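Structural features, examined
Chain residues, written in single-letter form:
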Amino acid sequence: LDRFPDRVGSWEGVRLGMEPEIIRELDLTQYVLMDYRDESGRVVGFYTAYYESQRKGESIHSPATCMPGGGWVFKESGRVRLPLGEGGLEWISVKRALMEKDAEKQLVYYWFPMRGRILTDALEIKLYTFWDALTRQRTDGALVRLVTPIYGDERPEHSEARLQAFAREIIPILDRYLPGE
C-alpha cells in the first residue's frame, strides 16, 4: 500500500500520514491515507488499512465505532449498492453514512475486503474470520473507507455522485494491492 498511486483517473492524490500512536492503537500491518481532488478541486478522502492477521484485540476498527469517538455523529446509516460498471450491472454492497460534526457534513462509504469477500457487518467479519482461520488458515483482511464533504454550495446527491465516480475508479486499482482469495 505504500506504493499506491497518487493519480487515479483524473483524480490527483496527496499522501497523508497518521501519528505513530494512532498506528500503534490501530495495530494494522499497512495503510494508505490520501486526499484525492477532482478537476473542480473537490476532495474524496481515501483510507485503506490492511491487517495481515486478526485476533482478539487486534482486528479491524470499523468507522461506525471510531468516527463517533472523533465527534462525528452518524445521522443516516445503512447499506447501499455501489454501481461499478455502466448500467449498474456490476455492483458491490457497501455501508453508507451521512455524518455531521458541528456545521460540517460528510458522506462516507466503507466496506471490508476479506479473503475474496466484500463484507459490511461486524458479525459477518467475526464469523468469516473464525471460519477462514479454521478452513484456510487465514485471518487477513482490510478496511476501505471513502469520505467526501458535502460542500455548502452543493446538494447531498452531488456528493454521492462524486463518491460513486471515485469508487468506480479506485476499486479496480485497489484489487491489485490487497490479497484476494
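Scroll up a little and you will see the structure.
Read on for an overview of the structure. (Residues numbered from 1 in each chain as written. Predicted model: local features only at pLDDT ≥ 70, side-chain atom pairs only at ≥ 80, totals over all residues. Heavy atoms only, no water.)

As for the overall build of the chain
For the chain, the count of helices and strands is four helices and nine strands. At 16 Å, the chain has a C-alpha radius of gyration in line with the 16 Å of a compact globule built from 181 residues. Projected onto its principal axes, the C-alpha positions of the chain cover 50 × 35 × 30 Å. When burial is assessed residue by residue, the chain has 43% of its 181 residues classed as buried. Excluding contacts between residues fewer than 6 apart, the proportion of contacts in the chain whose partners are at least 24 apart in sequence is 59%. Accessible surface for the chain amounts to roughly 10100 Å². Of this, 50% is attributable to carbon and sulfur atoms. (Helix = DSSP H or I, 4+ residues; strand = E, 2+ residues; numbered from the N terminus. Rg over C-alpha atoms; globule rule 2.2 N^0.38 Å. Buried < 20%, exposed > 50% of the residue type's maximum accessible area, 1.4 Å probe, protein only. Contact = heavy atoms within 4.5 Å. Areas by Shrake-Rupley, 256 points an atom, 1.4 Å probe, with all protein chains shown as cover.)

Points about the side chain of Thr129
Within the secondary structure, Thr129 is located in helix α3 (residues 122-135). The exposure class assigned to Thr129 is buried, which follows from its relative accessible area of 11%. Here Arg115 takes part through its side chain, which lies 3.3 Å from a polar atom of the side chain of Thr129. Discounting chain neighbours no more than four positions away, the residues touching Thr129 are Gln54, Met114, Arg115, Arg138 and Thr139. (Polar contact = N/O pair within 3.5 Å; in protein donor to acceptor, adjacent residues only side chain to side chain.)

Section: the nonpolar core
In terms of nonpolar packing, the biggest core is built from 27 residues, with Phe4, Tyr36, Phe46, Trp111, Leu146 and Ile170 touching the most fellow members. Contributions of two or more residues to this core are made by β3 (30-37), β4 (43-51), β6 (91-101), β7 (104-114), β9 (141-149) and α4 (156-174). Of all the elements, α4 adds the most residues to this core, at seven residues. The next biggest cluster of nonpolar side chains, apart from the first, holds 19 residues, and it includes Tyr47, Tyr51, Ile60 and Met99. (Core = buried A, V, L, I, M, F, W, Y, C linked by side-chain atoms within 4.5 Å.)

Points about the pattern of salt bridges
On inspection of all chains with the given rule, the structure shows 12 salt bridges. Between Arg7 and Glu12 there is a salt bridge, with the nearest N and O atoms lying 2.3 Å from each other. Take Glu12: its relative accessible area is 40%, and that puts it in the partly exposed class. Put simply, Arg42 and Glu154 hold a salt bridge, and the shortest N to O gap is 3.1 Å. Here the residue Arg42 occupies a position in the loop between β3 and β4, and Glu154 occupies one in the loop between β9 and α4, the gap between them amounting to 112 residues. Summarising the burial analysis for this pair, Arg42 and Glu154 share the class buried. Sharing partners across several salt bridges, the network here consists of Arg42, Asp153, Glu154 and Arg162. (Salt bridge = Lys/Arg side-chain N within 4 Å of Asp/Glu carboxyl O.)

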